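Working through the structure, step by step
Chain residues, written in single-letter form:
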Amino acid sequence: MITARDLSKVYGKTTVLRNISFDLDEGRILGIIGHNGAGKTTLLKILAGLIEPSGGQLAINGKNALNNPDGIRQVIGYLPEESRLYETMRVNEYLTFFGEIYGMDRSSIRARSRELLDWLALEDNGKKIGEFSKGMKRKAAIARSLIHDPSILIYDEATSGLDPMTSRHIIDLLRDLRSRKKTIVLSAHNLYQVEAICDQILILRRGERVALGTISELREMFGSVYYTVFFTIGDPERIRGIGDFSRDGGYFRVNAPSVGEMNRITQEIASAGGAVERVESHYPSLEEMLVKIGA
Ligand code: ADP
C-alpha cells in the first residue's frame, strides 16, 4: 500500500515534480504516463527511496518511508529504466550479489533464484549478462527486483524496447504478480499496455498531476466519446435530418456525439423505413488523451 501526499522535487530553481498525491492499495497496479520530461522517473525514484523529495509525505505499507529509507528498501523492488552495469556477471552471480545486499543467506538466495528463473523462463546458460539479448537482460533485472520478495514493485519502463512476444510475456508476469498481492507502480511508453493492465492511471505534465483515475474515469474526464451508427435505407433523401452521413461499403454511416443524439438518429432512420445494422462506440485512447493535454 502506498500513500503519497504532495510529493515535490526541486533541482536548483526548477521544480520537476509539484504536489503529487495518490493512494494505491495492495494488489493494485498504478501506471504513470506523460511526455518525456514529465517527471515519471523522478517520481518512481522517490517512491523507491532512491532520491529524497523536496517536500511532501510518503507512507509505504502504513509506515513513514521518508525517515526510514533503508527499512523501506527491503520491501521495495525497483527496476530502473536501463542499467548497463553488471554486464560482466553471470545471472546467478548477479542475483547472489543483490540477495546479499538484502541480507539473505546463500541457500535462500539459491532457492529463490531458481524459482525466479523458472518463473521468468530465463535459462541460466552460463553466459555473462552483457551477452544476453535485450529481453533476457530485462528478465534478469526483473529477477533482481524480486530476489528479496518485496511487496511493492516500482518498474520504470518494464517493456520498453522489447519485441512484442517478450513484452507480452512480461505483461503476463505483472498480472501474475498482482494476483499474488504485489502492489505495482510502473511507467510505460506503450500506452495500450498501460490501458490493458493498470487499475489506476496517473497522468503527469511538466511535473504536475493532470489526472488520476481508472481508465473509464479518465475517458469521462477527457470526454469525446462518440458513436457511429451504420444503417441501410432504400431512399437516403428521406433522412436529411440526421446530419452528414456517408457511404461505407454496403452501409451508410453517421456519427453521433451523445447517446441522446444516437437514439434520435436511430429512430429517424427506422421511421424513414431504414434499418440500423450496428452502432460502434469510440473512446479516446490514452494516446489521444496525451496528445490532447500537450507537452
Ligand atoms: P520522465 O521520466 O517523465 O521523462 P524525468 O523524471 O526523468 O522525466 O525528468 C523530469 C525533469 O527533471 C526533466 O526536465 C529532467 O531534465 C529533470 N531532471 C531529472 N533529474 C535531474 C537532476 N538530477 N538534476 C536536474 N534536473 C533533473
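Small disclaimer: the values here were computed from a predicted structure and weren't measured.

Calculation rules
- Residues numbered from 1 in each chain as written.
- Predicted model: local features only at pLDDT ≥ 70, side-chain atom pairs only at ≥ 80, totals over all residues.
- Heavy atoms only, no water.
- Helix = DSSP H or I, 4+ residues; strand = E, 2+ residues; numbered from the N terminus.
- Contact = heavy atoms within 4.5 Å.
- Axes fitted to C-alpha atoms, helices over the stretch in contact; angles between N-to-C directions.
- Parallel < 35°, antiparallel > 145°, perpendicular 65-115°, else oblique.
- Left-handed = near helix turned anticlockwise from the far one by under 90°.
- Nonpolar A, V, L, I, M, F, W, Y, C, P; charged D, E, K, R; others polar.
- Domains from an automatic or database assignment.
- Buried area = accessible area lost by both parts, 1.4 Å probe.
- Salt bridge = Lys/Arg side-chain N within 4 Å of Asp/Glu carboxyl O.
- Polar contact = N/O pair within 3.5 Å; in protein donor to acceptor, adjacent residues only side chain to side chain.

1. Structural notes on the side chain of lysine 182
- Within the fold, lysine 182 resides in the loop between α6 (164-179) and β8 (183-187).
- Sequence-distant contacts of lysine 182, defined by excluding residues within four places in its chain, comprise Gly27, Arg28, Asp149, Pro150, Ser151, Leu153 and Leu177.

2. Some words on the packing of helix α3 (residues 91-101) against helix α5 (residues 134-146)
- α5 packs onto α3 with a crossing angle of 25° between their chain directions and a minimal axis gap of 9 Å. One element, α3, and the other, α5, form an angle in the roughly parallel class. The handedness of the crossing between α3 and α5 comes out as right-handed. Touching Val91, Tyr94, Leu95 and Phe98 of α3 are Ala140, Ala141, Ala143 and Arg144, all from α5.
- Classifying every residue of the contact of α3 with α5 by side-chain character gives seven nonpolar, no polar and one charged.

3. What to know about the domain arrangement of the chain
- With domains assigned, the chain is organised as domain 1 (2-221) and domain 2 (222-293).
- Centre-to-centre separation of domain 1 and domain 2, based on C-alpha positions: 42 Å.
- If you look at the interface, domain 1 gives 18 residues, while domain 2 gives ten residues.
- Where domain 1 abuts domain 2, roughly 1,200 Å² becomes buried across the two surfaces, and 72% of that area is made up of carbon and sulfur atoms.
- At the junction of domain 1 with domain 2, the criterion picks out zero salt bridges.
- Here domain 1 is connected to domain 2 by two residue pairs in polar contact (both at pLDDT 80 or more).
- Breaking the side of domain 1 that touches domain 2 down by element, the ones donating at least two residues are α7 (191-197), β9 (200-205), β10 (208-213) and α8 (215-221).
- Here the side of domain 1 that touches domain 2 gets five residues from one element, more than from any other, and that element is α8.
- Looking at side-chain class alone, the side of domain 1 that touches domain 2 contains twelve nonpolar, two polar and four charged residues.

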